[in-house]
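Per-entry structural report
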Amino acid sequence: MSERSERTDRASATNASGFLRVLAVDDEPPALDELAYHLRTDPRVARLHTAGDATEALRVLRDGDVDVVFLDIRMPGLDGMELARVLRRFARPPAIVFVTAYDDGAVDAFDLGATDYVRKPVRAERLAESLRRVIGSRVVPSHPAALARAEEDPTIPIELAGTTRMLPRSAVRWVEAQGDYARLHTADGSHLVRVSLATLAERWADAGFVRIHRSYLVQLKLIAELRLVNSGYVVVIDGTELPVSRRHTRELKDKLVRAAKQDWNR
């Protein structure tokens, strides 16, 4: 029996009080052993499998159902992002929690529908929070309308005091460019994320976000005013004035008129 197979068998102990079937995937044995140790001690985990690469993970998934996969991103061969794309095509895809030493894949991870994004070194309390989120995500009503609403309001990971939290896109009022980063403004604060304003403008266009300036992206339906001032136009959102560049003014006016007509005809 191979070393990996022995490790998988040792990790597959059953917890009589648990109910989640979990698969942990990491190509580095020490990291995998640490992850498995923390997961195995959580009372919500009924069965734990481990795999050292994507091929072994797919073999485990072929042989039985799994509720959640804790998945490293940077692995040889098929990496974690590629494996997650494969899992999304399953008839009953497991929840995905990425566990990685890097934060540059966070936005792509949540575009793939990841439930959580955990930074290494892992901590027991952080994994416990991930399991809570997994349980919450898997009791969402299966009615098509409910599923559609969940898909229409994806989350974006933000860092708060060393913890990655998920912020619903619907909570974002406007976005401000800050170099290669973007600051997401919400009703109760702002959050800096490692993603460019241009990327968010492209990804969020269908959700009603419009570019008004090279440094600003706003939610169209939240614009309370479009006002002419000495230096040009500004929009007002939540009492805050944001500049509108000359090149975006006409397009913004057209979109506001179209939105108003749609609301009037409802």
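Criteria and cut-off values
Residues numbered from 1 in each chain as written. Predicted model: local features only at pLDDT ≥ 70, side-chain atom pairs only at ≥ 80, totals over all residues. Heavy atoms only, no water. Helix = DSSP H or I, 4+ residues; strand = E, 2+ residues; numbered from the N terminus. Buried < 20%, exposed > 50% of the residue type's maximum accessible area, 1.4 Å probe, protein only. Contact = heavy atoms within 4.5 Å. Areas by Shrake-Rupley, 256 points an atom, 1.4 Å probe, with all protein chains shown as cover. Pairing = 2+ DSSP bridges. Right-handed = clockwise from strand over helix to strand, strands pointing away. Arc of directions from axis to C-beta. Polar contact = N/O pair within 3.5 Å; in protein donor to acceptor, adjacent residues only side chain to side chain. pLDDT = per-residue confidence, 0-100. Core = buried A, V, L, I, M, F, W, Y, C linked by side-chain atoms within 4.5 Å. UniProt positions renumbered as here; feature names shortened; annotations may be inferred. Axes fitted to C-alpha atoms, helices over the stretch in contact; angles between N-to-C directions.

Naming follows an unreviewed UniProt entry, where the chain appears as Two component transcriptional regulator, LytTR family of Micromonospora rhizosphaerae.

**Quick notes on the overall build of the chain**
Summing up its helical and strand segments, the chain has 9 helices and 15 strands in all. Looking at the chain residue by residue over its 266 residues, the buried ones come to 42%. Considering only contacts within the chain whose residues lie at least 6 apart along the sequence, 55% involve residues at least 24 apart. With an accessible surface of roughly 14600 Å², the chain has 49% of that area assigned to carbon and sulfur atoms.

**Brief notes about the pairing of strand β3 (residues 68-71)**
Regular strands have side chains that alternate between both faces of the sheet. Burial of the side chains of β3 extends over both faces: V68 and F70 are buried on one face and V69 and L71 on the other. Sheet topology note: the strand β1 (residues 20-25)/β3 ladder contains 4 bridges and is parallel. Bridging from a neighbouring strand, V22 pairs with V68 of β3. After leaving β3, the chain enters helix α4 (residues 80-88) and then returns to the sheet as strand β4 (residues 95-100), a path that is right-handed.

**Let's talk about helix α3 (residues 54-63)**
By the burial criterion, the buried members of α3 are A54, E56, A57, V60 and L61. What you see down the axis of α3 is that its buried residues fit within an arc of 160°, all on one side. The outward face of α3, more than 90 degrees from its buried face, is lined by the exposed residues T55, R62 and D63. Measuring from the backbone nitrogen of T55 back to the side-chain oxygen at the start of α3 gives 3.3 Å, which picks out D53 as the cap.

**Structural notes on the pairing of β1**
Burial analysis of β1 places 5 of its 6 residues in the buried class, which makes it a mostly covered element. Of the pairings in the sheet, the one linking β1 to strand β2 (residues 45-51) comprises 6 bridges and is parallel in character. Within the sheet, the bridge partner assigned to V22 lies in β2 and is L48. For the crossover that starts at β1, traverses helix α2 (residues 29-40) and ends in the parallel β2, the hand is right-handed.

**What about the confidence of the model for the chain?**
Scored by pLDDT, the chain has a mean of 82; 82% of the residues are at 70 or more. Here residues 1-14 is a poorly scored stretch, pLDDT under 50, and it has 26 contacts once near neighbours within four places are set aside; other chains count. Here residues 139-151 scores under 50 on pLDDT; set against residues more than four positions off or in separate chains, the count is 3 contacts.

**Notes on the nonpolar core**
L23, V25, V69, L71, F98 and A109 are the most contacted members of the largest nonpolar core, which totals 23 residues. Secondary structure elements with two or more residues in this core: β1, α3, β3, α4, β4 and α5 (106-111).

**Some points on the UniProt feature "modified residue: 4-aspartylphosphate" (unreviewed entry) in the chain**
Under the UniProt annotation, "modified residue: 4-aspartylphosphate" (unreviewed entry) lies at D72. When you line up the elements, D72 lands in the loop between β3 and α4. Once you skip the residues sitting within four places of it in the chain, D72 turns out to touch V25, D26, D27, G80, V99, T100 and K120.

**A closer look at the sheet that holds strand β11 (residues 209-213)**
One open sheet holds the 5 strands; their spatial order is β10-β9-β8-β12-β11, and the pairing between them is antiparallel. In this open sheet, the two strands that pair with only one neighbour each are β10 (189-193) and β11. Each strand axis lies, on average, 25° off the axis of its neighbour in the sheet, ignoring direction. Judged from the 3 bridges that link them, strand β8 (residues 174-178) and strand β12 (residues 216-219) form a sheet pairing that is antiparallel. Of the residues in β12, the one forming a bridge with E176 is Y216.

**Topic: the sheet that holds strand β14 (residues 232-237)**
Pairing in this open sheet of 3 strands is antiparallel, and the strands run β13-β14-β15 from one edge to the other. Strands with a single pairing partner mark the edges of an open sheet, and in this sheet they are β13 (225-229) and β15 (240-244). Across this sheet, the average inter-strand angle for adjacent strands is 35°, counted without regard to direction. Relative to β14, β13 is paired through 5 bridges, and the arrangement is antiparallel. The residue bridging E225 from the neighbouring strand is V236, located in β14.

**Some words on unusual backbone geometry**
Of the consecutive residues K120 and P121, the connecting peptide bond is found in the cis state with omega at 0°. Tracing the chain through its elements places P121 in the loop between β5 (116-119) and α6 (124-137). Even without a glycine there, the phi angle at D238 is positive, about 55°.

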